[in-house]
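Close look at the chain arrangement
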Amino acid sequence: MEKDMKKVINRVLEKYPAKTFKNRKAHIVVKTEEEPNPVIQANVRTIPGIITSRGCCYAGCKGVVMGPIKDMLHITHGPIGCAYYTWGTRRNKAKLEKGGQNFIEYTFSTDMQDRDIVFGGTKKLALAIKEAVEIFHPKAIGIYATCPVGLIGDDINAVAAEATALYGIDVMAFNCEGYKGVSQSAGHHIANNVVFSDIIGKGTNKEHKKYAVNILGEYNIGGDAWEMDRILTKIGYNVVATLSGDANLDSIQNAHTADVNVVQCHRSINYIAEMMETKYGIPWIKGNFIGVTSTIETLRDLAKCFDDPYIYERTETVIAEELSEIEGEVAYYKEKLEGKKAMLYVGGSRADHYQRLLADFGIETIVAGFEFAHRDDYEGREVIPSIKLDADSKNIPQLTVQKDEEKYRVTMTPERYEALKSEGVPLAYYGGMVKTLNENAIMVDDLNHHEIDELIKSLNPDMFLSGIKEKYSVQKMGVLSKQLHSYDYTGPYAGFRGALIFARGLEAGIYTPAWKYVTPPWKTEPMLEGKVVGGEE
Ligand code: SF4
């Protein structure tokens, strides 16, 4: 019998004091027949002490968007912790290219001390830049502000401008102090602004490649971007830039030469996608390379954007070839996994992408949540006009963008654009997580430790797919938890081959014999058998 999810939610919420109850109630909704697109509260301040999984603005800026750019040297301006904990912890893989540079293995910090807080840290920062230039000769440097930097008033923008003039390379400042906004999301926006105004469009490539695309919001975790690249190249596309998995500066500087942008992670990159459309005329579609069905859908949508017989033909040939390689194993894993139930709780896009991959193997998603997504990621971009910015988000700069008269190109006629939109091609559109969510599933924002425990107890899922902070407490409850941020140190999970790697790990986790030993045998059966002899006198 189907659970009454509204009752489940009330049970989860009833332990809260009145004010917390009211706040959290707005973040947990159920998709029903009567309410197929419920309004959810998102991108607002976390309740202090509630054990959130969220991170900070610096993590979103340096950790997510900028850190993967491999030939740029990223200096964290702050005490050592922020740099240390972002050292190699996100698996954004990068290969050294011939004649190129790759700083991914390093973390760089100004390691602020008490005296820097008292007297200011700009001198130390300038010295760190000098040292970095002399030792590593990077193409560009990023300076990332951490919490104390904004509070003591270090002017990192002035230091960056001076260093740019002094060394003749781009030194960019990112005002991404950890307390800005309410989560990683503010950091994405700050990074987008700098990448758009200081990097994209600076490239000197005059050549316009045929079938040129960018992949935006793809960070090459476990090699995902390489798998997307493999498929796209096999079809005949030229991937100009990926933002920012395994990216080098040169490719991003030339990103304006692409014909279409494919947005993988809407949350972290939609600002750049929008701004590139205005400035350079490049249309964008929401794609998704996670899941077999989604990958096929994305490839077909992209082909329609080019409307070229060669691309149509290659797309279908490659889809057929790739499917024939995997279909046997897909059927095997489907048989093993069909009918299982999953809870998903991931950053700002994966909870949506992975419910689609799970569906490929017959797994039903019963709860799905984001840490830091906005309402448009849940409910679809159609709700953007009704989203009110609150005080926590108002201090994130919004750039005003103009058409670039020299570099603007019309890659798709307005008639074709409208025709494709009415056909359902997601041009400048993302429908959000709710559209594919099953009826009677719970959609939740900024889920916390108490809510995870209670939902697992009430719904008894077969798996909880989330992050490192949740993994072990969930597994201690006897429920499989796979990490969808780090992929449990495997991957790729994207594309056709990635779907199989994901399913293989899931099947191994579900069927591991270890689950049988969670309850010790003496709790269920007697360890010794025998009878007492001579007990009576
Ligand atoms: S919250 Fe502040 S101190 Fe903590 S990691 Fe972010 S920038 Fe660093």
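Look a little higher up for the structure.
This write-up is about the structure you can find in this document. Just so we're clear, the structure is a prediction, and the values are computed from it rather than from any experiment.

1. Notes on a negative patch on the surface
A surface patch of like charges, here negative, comprises E2, E33, E34 and E439. Under the relative-accessibility criterion, E2 is labelled exposed at 61%.

2. Some thoughts on the packing of aromatic side chains
In the structure shown here, the tally under the stated rule is 19 aromatic pairs. Among the aromatic residues, those joined into a cluster by ring pairs are F103, Y106, F108 and F136. Taking the ring centre of Y511 as reference, the NZ or CZ of K336 above it sits at 4.6 Å. The ring centre of Y408 lies 4.6 Å from the NZ or CZ of K403, which sits over that ring.

3. Considerations on the side chain of K62
With respect to the secondary-structure elements, K62 resides in helix α3 (residues 57–66). Buried and without a salt bridge, K62 has E105 as its closest oppositely charged side chain, separated by 13 Å. Within polar-contact distance, the side chain of K62 engages the side chain of T86 at 3.2 Å. Contact partners of K62, with chain neighbours within four places excluded, come to G67, H74, T76, T86, T107 and Y144.

4. Looking at the packing of helix α10 (residues 224–235) against helix α13 (residues 292–306)
Here α10 crosses α13 at 40°, and the two axes come no closer than 12 Å. One finds that α10 runs oblique with respect to α13. You can see that α10 and α13 cross each other, and the crossing is right-handed. Here α10 contributes I231, L232 and I235 to the contact with α13, which in turn contributes T295, L299 and L302. Considering only residue class, the contact of α10 with α13 consists of five nonpolar, one polar and no charged.

5. A few points about the pairing of strand β2 (residues 72–77)
Burial within β2 is extensive, with six of its six residues counted as buried. Here β2 runs beside strand β4 (residues 140–145); their pairing, made up of six bridges, is parallel. If you follow M72 over to β4, its bridge partner there is A140. Pairing analysis gives two bridges linking β2 to strand β3 (residues 108–109), with the strands arranged parallel. Within β3, the position partnered with T76 by the bridge is S109. With respect to chirality, the unit in which β2 leads through helix α4 (residues 80–85) into the neighbouring parallel β3 is right-handed.

6. Some points on the pattern of salt bridges
One pass over the full model with this rule turns up 32 salt bridges. Of the charged contacts, one joins E227 and R230 as a salt bridge, the two residues approaching to 2.8 Å between their closest N and O atoms. Here the residue E227 and the residue R230 both occupy positions in helix α10, the gap between them amounting to three residues, near one helical turn. You can call E227 buried: its relative accessible area is 7%. Taking the relative accessible area as the measure of exposure, R230 reaches 21% and is therefore partly exposed. Connected through shared salt-bridge partners, E227, R230, K234, E321 and E322 make up one network.

7. Structural notes on the environment of I200
Inspection of the secondary structure puts I200 in the loop between α9 (184–199) and β6 (212–218). Residues I200 and N43, spaced 157 residues apart in sequence, show a C-alpha to C-alpha distance of 28 Å.

8. Some remarks on empty space enclosed by the protein
Tallied over the full model, the rule gives one cavity of 30 Å³ or more. In this structure, the largest cavity occupies an estimated 40 Å³ of space.

9. Re the sheet that holds β6
Judged by pairing direction, the sheet is parallel, and its four strands sit side by side in the order β7-β6-β8-β9 without closing on themselves. Two strands lie at the open edges of the sheet, namely β7 (238–244) and β9 (284–286), each paired on one side alone. Within the sheet, the average angular offset between the axes of one strand and its neighbour, ignoring direction, is 20°. Where β6 meets β7, six bridges bridge the pair, whose relative direction is parallel. Bridge pairing in β7 places A212 opposite N238. Each of β6, β7, β8 (260–263) and β9 is contacted by helix α12 (residues 266–280), which is oriented at about 145° to β6, the strand it contacts most. Taken strand by strand, α13 contacts β6, β8 and β9, and its axis lies near 165° from that of β8.

10. Description of the side chain of T295
On the secondary structure map, T295 appears in helix α13. Engagement of the side chain of T295 in a polar contact is seen with the backbone oxygen of F289, the distance being 3.2 Å. Excluding its chain neighbours within four sequence positions, the residues that come into contact with T295 are I231, N288, F289, I290, G495 and F496.

11. Describing the sheet that holds strand β13 (residues 463–465)
The five strands lie next to each other as β1-β12-β11-β10-β13, forming an open sheet whose pairing is mixed. Here the strands that pair on one side only, and so sit at the sheet edges, are β1 (28–30) and β13. Ignoring which end each strand starts from, the neighbouring axes of this sheet average 15° apart. Pairing of β1 with strand β12 (residues 442–445), which is carried by three bridges, proceeds in the antiparallel orientation.

12. As for the nonpolar core
By size, the foremost hydrophobic cluster in this structure holds 110 residues, and its most contacted members are M66 and Y237. Setting aside residues no more than four positions away along its own chain, M66 makes contact with C61, M72, H74, Y144, F174, A191, V195 and I199. One finds I9, I28, L455 and V479 within the second-largest nonpolar core, a separate group that totals 24 residues.

Quick notes on the rules
Residues numbered from 1 in each chain as written. Predicted model: local features only at pLDDT ≥ 70, side-chain atom pairs only at ≥ 80, totals over all residues. Heavy atoms only, no water. Patch = residues over 30% accessible without salt bridge, like charges linked within 9 Å, V, L, I, M, F, W, Y side chains within 5 Å. Areas by Shrake-Rupley, 256 points an atom, 1.4 Å probe, with all protein chains shown as cover. Salt bridge = Lys/Arg side-chain N within 4 Å of Asp/Glu carboxyl O. Lys, Arg positive; Asp, Glu negative; His and termini not counted. Charge placed at Lys NZ, Arg CZ, Asp CG, Glu CD. Buried < 20%, exposed > 50% of the residue type's maximum accessible area, 1.4 Å probe, protein only. Phe/Tyr/Trp six-rings, centres within 6.5 Å; stacked < 30°, edge-to-face > 60°. Lys NZ or Arg CZ within 6 Å of the ring centre and 35° of its normal. Helix = DSSP H or I, 4+ residues; strand = E, 2+ residues; numbered from the N terminus. Polar contact = N/O pair within 3.5 Å; in protein donor to acceptor, adjacent residues only side chain to side chain. Contact = heavy atoms within 4.5 Å. Axes fitted to C-alpha atoms, helices over the stretch in contact; angles between N-to-C directions. Parallel < 35°, antiparallel > 145°, perpendicular 65-115°, else oblique. Left-handed = near helix turned anticlockwise from the far one by under 90°. Nonpolar A, V, L, I, M, F, W, Y, C, P; charged D, E, K, R; others polar. Pairing = 2+ DSSP bridges. Right-handed = clockwise from strand over helix to strand, strands pointing away. 1 Å grid on protein atoms, 1.4 Å probe; cavity = no way out; pocket = protein on both sides within 12 Å on 5 of 7 lines; lining within 4 Å. Points joined across faces, edges and corners; volume = space filled by probe spheres on them. Core = buried A, V, L, I, M, F, W, Y, C linked by side-chain atoms within 4.5 Å.

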